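Next come the chains, spelled out residue by residue.
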Amino acid sequence: MSDDDFINEVMDGLKKEGFLMINDDFIDQLIITLHANVTAINSLTEVVKVENQMLALNGLLPTGSRQVDSLKGLSTRIAEIAFNVEDVRNDQR
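Every value quoted in this text rests on a predicted model; they were computed, and no experiment measured them.

**Details of the overall build of the protein**
The helix and strand tally for the protein stands at three helices and zero strands. When the helices and strands of the protein are read in sequence order from the N terminus, they spell out α-α-α. Looking at the protein residue by residue over its 93 residues, the buried ones come to 22%. Pairs at least 24 apart in sequence give 65% of the contacts found in the protein among residues at least 6 apart. When the accessible surface of the protein is summed, it comes to about 7100 Å², and 58% of that surface belongs to carbon and sulfur atoms.

What follows is the structure, given as structure tokens:
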């Protein structure tokens, strides 16, 4: 049995016994916070895109293209976490 399988088995056992219940208010606030972070990061991504366009107009090399990709990746990962937390909440109910 792999470590991941063992951990999943233990976690499932604890959940069945009611030891992994997380307060709904906490989960709801966590989900709201994660989605707010995604919104903020998406806004920052747009700012970086505009900055790149302005640099290009001034004949300067755009320096933020990697920033845009990095921010998009971060936003996607946080959104995935938020959806996973929502799944945990729904499973708990």
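**So, the environment of Asn37**
Secondary-structure assignment places Asn37 in helix H2 (residues 24-57). We classify Asn37 as partly exposed; its relative accessible area is 35%. On a C-alpha basis, the gap between Asn37 and Leu74 in space is 9.8 Å, while along the polypeptide they are 37 residues apart.

**Observations concerning a negative patch on the surface**
Taken together, the side chains of Asp3, Asp4, Asp5, Glu9 and Asp12 present a region of like negative charge at the surface. By the element assignment, Asp5 lies in helix H1 (residues 3-16).

**Looking at the confidence of the model for the protein**
In the predicted model, the protein carries a mean pLDDT of 81, and 85% of its residues have values of at least 70. Element-level pLDDT for the protein is lowest in H1, with a mean of 78, against a maximum mean of 86 in H2.

**Description of the side chain of Thr45**
For Thr45, the location among the structural elements is in helix H2. Among the polar contacts made by the side chain of Thr45, one reaches the main-chain carbonyl oxygen of Ile41 at a distance of 2.8 Å. Aside from chain neighbours lying at most four places away, what touches Thr45 is Val68, Leu71 and Lys72.

Calculation rules
Residues numbered from 1 in each chain as written. Predicted model: local features only at pLDDT ≥ 70, side-chain atom pairs only at ≥ 80, totals over all residues. Heavy atoms only, no water. Helix = DSSP H or I, 4+ residues; strand = E, 2+ residues; numbered from the N terminus. Buried < 20%, exposed > 50% of the residue type's maximum accessible area, 1.4 Å probe, protein only. Contact = heavy atoms within 4.5 Å. Areas by Shrake-Rupley, 256 points an atom, 1.4 Å probe, with all protein chains shown as cover. Patch = residues over 30% accessible without salt bridge, like charges linked within 9 Å, V, L, I, M, F, W, Y side chains within 5 Å. Salt bridge = Lys/Arg side-chain N within 4 Å of Asp/Glu carboxyl O. Lys, Arg positive; Asp, Glu negative; His and termini not counted. Charge placed at Lys NZ, Arg CZ, Asp CG, Glu CD. pLDDT = per-residue confidence, 0-100. Polar contact = N/O pair within 3.5 Å; in protein donor to acceptor, adjacent residues only side chain to side chain.

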